[in-house]
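Each chain, written out:
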Amino acid sequence: AQSVTQPDIHITVSEGASLELRCNYSYGATPYLFWYVQSPGQGLQLLLKYFSGDTLVQGIKGFEAEFKRSQSSFNLRKPSVHWSDAAEYFCAVTPGGYQKVTFGTGTKLQVIP
Amino acid sequence: GAGVSQSPSNKVTEKGKDVELRCDPISGHTALYWYRQSLGQGLEFLIYFQGNSAPDKSGLPSDRFSAERTGGSVSTLTIQRTQQEDSAVYLCASSSQEGRQFFGPGTRLTVL
């Protein structure tokens, strides 16, 4: 069965600084990969997804993620963080084809002025 | 409907009572998930339905929890003899074949 690890439970960055949130997965083949964001008091929103092709994918709100097969990683990045990016971020993986989706435990992002 | 809907949005109940939470997935989505999110915590997987296959119940925390999905569409999560530790937001999501999940707004359950 696949698994997802988000090693950072909580991250604090200054507004304007760059951001990288880590996600590592365990799965034999190339899975479908997702990042979701949950702002305080809000529902989960899809940021971006990777299925195949270009390993650098662009998402909403200026986020991007890079799939690295050799490292089994799908890290989320943003060049310059805004205060409104403070939220919880979840990485998810599935083999696709209606097979079960597995979520990581989430990373809470705090943005300081 | 255009998205996943859940009802009720809020439910307050007394310890020991049974509750039923409802989820209406996006039409055509054959995969449906239930999750629990306690205050300040991440997503806790509860149960997964896919088409006519037997559901994956591996996340249900106790036998007080059960869920069914009728006609491959609407799902009901039932919690019997509720306990205070059951207080949480219960999220439902339906999924397309690619695995992208569409989440409902959740039901906030408070057990007094």
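Calculation notes
Residues numbered from 1 in each chain as written. Chains lettered and ligands numbered in written order. Predicted model: local features only at pLDDT ≥ 70, side-chain atom pairs only at ≥ 80, totals over all residues. Heavy atoms only, no water. Salt bridge = Lys/Arg side-chain N within 4 Å of Asp/Glu carboxyl O. Helix = DSSP H or I, 4+ residues; strand = E, 2+ residues; numbered from the N terminus. Buried < 20%, exposed > 50% of the residue type's maximum accessible area, 1.4 Å probe, protein only. Contact = heavy atoms within 4.5 Å. Core = buried A, V, L, I, M, F, W, Y, C linked by side-chain atoms within 4.5 Å. Pairing = 2+ DSSP bridges. Axes fitted to C-alpha atoms, helices over the stretch in contact; angles between N-to-C directions.

Novice: Tell me about the pattern of salt bridges, and name the residues and values.
Specialist: Pairs can form between side chains of opposite charge once their charged atoms are near each other. Applying the stated criterion across every chain yields a total of nine salt bridges over all chains. Within this structure, A:E64, A:E66 and A:R77 form a network of salt bridges that share partners.

Novice: Tell me what's going on with the environment of A:P31, and back it up with residues and numbers.
Specialist: Residues and elements named next belong to chain A. Turning to its location among the elements, P31 is positioned in the loop between β4 (24-26) and β5 (32-38). Exposure remark for P31: the relative accessible area of 0% places this residue in the buried category. Between the alpha carbons of P31 and V111 there is a distance of 31 Å; along the sequence they are 80 residues apart. With residues up to four places along the chain from it excluded, the contact list for P31 reads Y25, Y50, F51, V93 and T94.

Novice: Help me get a handle on the nonpolar core, residues and values and all.
Specialist: Soluble globular proteins tend to pack their nonpolar side chains together in the buried interior. Ranked by size, the top nonpolar core spans 26 residues in total, and within it A:L19, A:W35, A:L47, A:L48, A:F74, A:L76 and A:Y89 carry the most contacts. Residue assignment for this core shows that the elements contributing at least two residues are β2 (10-14), β3 (19-21), β5, β6 (44-50), β8 (64-68), β9 (73-78), β10 (87-94) and β12 (107-112) of chain A. The dominant element in this core, judged by the number of residues it contributes, is β10(A), at four residues. Those residues in contact with A:Y89 that lie beyond four places of it in its chain are A:Q6, A:L21, A:W35, A:Y36, A:V37, A:L47, A:F63, A:L76, A:G106, A:T107 and A:L109. Of all hydrophobic cores here, the second largest spans 20 residues; its members include B:I26, B:L32, B:I47 and B:L109.

Novice: So what's going on with the pairing of β8(A)? Which residues, and what values?
Specialist: Residue and element names in this part refer to chain A. Across three bridges, the pairing between strand β7 (residues 56-58) and β8 is antiparallel. Within β8, the residue paired with V57 across the bridge is A65. Once β7 ends, the chain turns through five residues before running back antiparallel as β8, passing K61 with a positive phi of about 60 degrees. The turn linking β8 back onto β9 is made up of four residues, and S72 within it adopts a positive phi angle of 50 degrees.

Novice: Report on the sheet that holds strand β3 (residues 19-24) of chain B, specifying residues and quantitative values.
Specialist: Residues and elements named next belong to chain B. Judged by pairing direction, the sheet is antiparallel, and its four strands sit side by side in the order β1-β3-β7-β6 without closing on themselves. Each edge of the open sheet is held by one strand with a lone partner, namely β1 (5-7) and β6 (65-69). In this sheet, adjacent strand axes meet at a mean angle of 15 degrees when their direction is disregarded. Where β3 meets strand β7 (residues 75-79), five bridges bridge the pair, whose relative direction is antiparallel. When the sheet's bridge partners are listed, V19 is paired in β7 with I79.

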